[in-house]
Amino acid sequence: MKYFKYILGILIVVSLFSCAKESVISEADFQKNLLAGTGNYQNTEHIWRLDSLTIGNNPVALTAIQKKYTKTFSRTGAYIDSDGFSGKWDMSTPGKLEVTTQNSVTNVKTTTLFDITTLNAAQLQLKLSGSLGVYQYYFVIAN
């Protein structure tokens, strides 16, 4: 009986220390996981396909080519779109997406700061102020 209590005590202590502990991630990291994957096995990038566009709250009819436009965000911070522009992305603040691309011909770098209106496992909505008003891009997950 004495040995039974001793072994039972050791098993309880070991089981308490061996329990997996969950860590709470920040809002920015959570949004990064939704945008580009967690970085774990087969979840290292997400491809987003353009679904619709509004300019100044007016819907824009997309051409067949525009309907195939995609943005790919890799968990490593790499970015590429279907037009061939590549670069880096960062989300240092929740709700703000910074994309830096470099023109392969002129080597000119362009940085665009988007407001993220909606981001979940299936939808990405980006807002950008432009010369014609506020552009709102609606993307759906493509992979």
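Here the structure is a predicted model, which is why all the values come from computation and not from measurement. (Residues numbered from 1 in each chain as written. Predicted model: local features only at pLDDT ≥ 70, side-chain atom pairs only at ≥ 80, totals over all residues. Heavy atoms only, no water.)

Trainee: Could you give an account of the environment of Val99, naming the residues involved and the relevant values?
Mentor: Along the chain, Val99 falls in strand 6 (residues 96-102). The exposure class of Val99 is buried, given its relative accessible area of 5%. Expressed as a C-alpha distance, the spacing of Val99 and Thr110, which sit 11 residues apart in the sequence, is 8.1 Å. (Helix = DSSP H or I, 4+ residues; strand = E, 2+ residues; numbered from the N terminus. Buried < 20%, exposed > 50% of the residue type's maximum accessible area, 1.4 Å probe, protein only.)

Trainee: Let's hear about the side chain of Lys71: which residues, and what values?
Mentor: Its place among the elements puts Lys71 in strand 3 (residues 70-74). It is Asp81 that comes nearest to the buried, bridge-free Lys71 among opposite-charge side chains, at 4.9 Å. A distance of 3.4 Å separates a polar atom in the side chain of Lys71 from a polar atom in the side chain of Tyr69. Excluding anything up to four places from it in sequence, Lys71 contacts His46, Ile47, Trp48, Tyr79, Ile80, Asp81, Phe114 and Phe139. (Lys, Arg positive; Asp, Glu negative; His and termini not counted. Salt bridge = Lys/Arg side-chain N within 4 Å of Asp/Glu carboxyl O. Polar contact = N/O pair within 3.5 Å; in protein donor to acceptor, adjacent residues only side chain to side chain. Contact = heavy atoms within 4.5 Å.)

Trainee: Give a detailed account of the packing of aromatic side chains, specifying residues and quantitative values.
Mentor: What the rule picks out here adds up to 6 aromatic pairs. Relative to Tyr79, the ring of Phe73 lies with its centre 5.4 Å away and its plane at 45°, an arrangement referred to as tilted. According to the relative accessible area criterion, Phe73 is buried, its value standing at 0%. Classification of Tyr79 as buried rests on a relative accessible area of 4%. Each member of the aromatic cluster is reached from another via a ring pair, and the members are Tyr69, Phe114, Tyr135, Tyr137 and Phe139. (Phe/Tyr/Trp six-rings, centres within 6.5 Å; stacked < 30°, edge-to-face > 60°.)

All we've got here are geometric facts, nothing functional implied.
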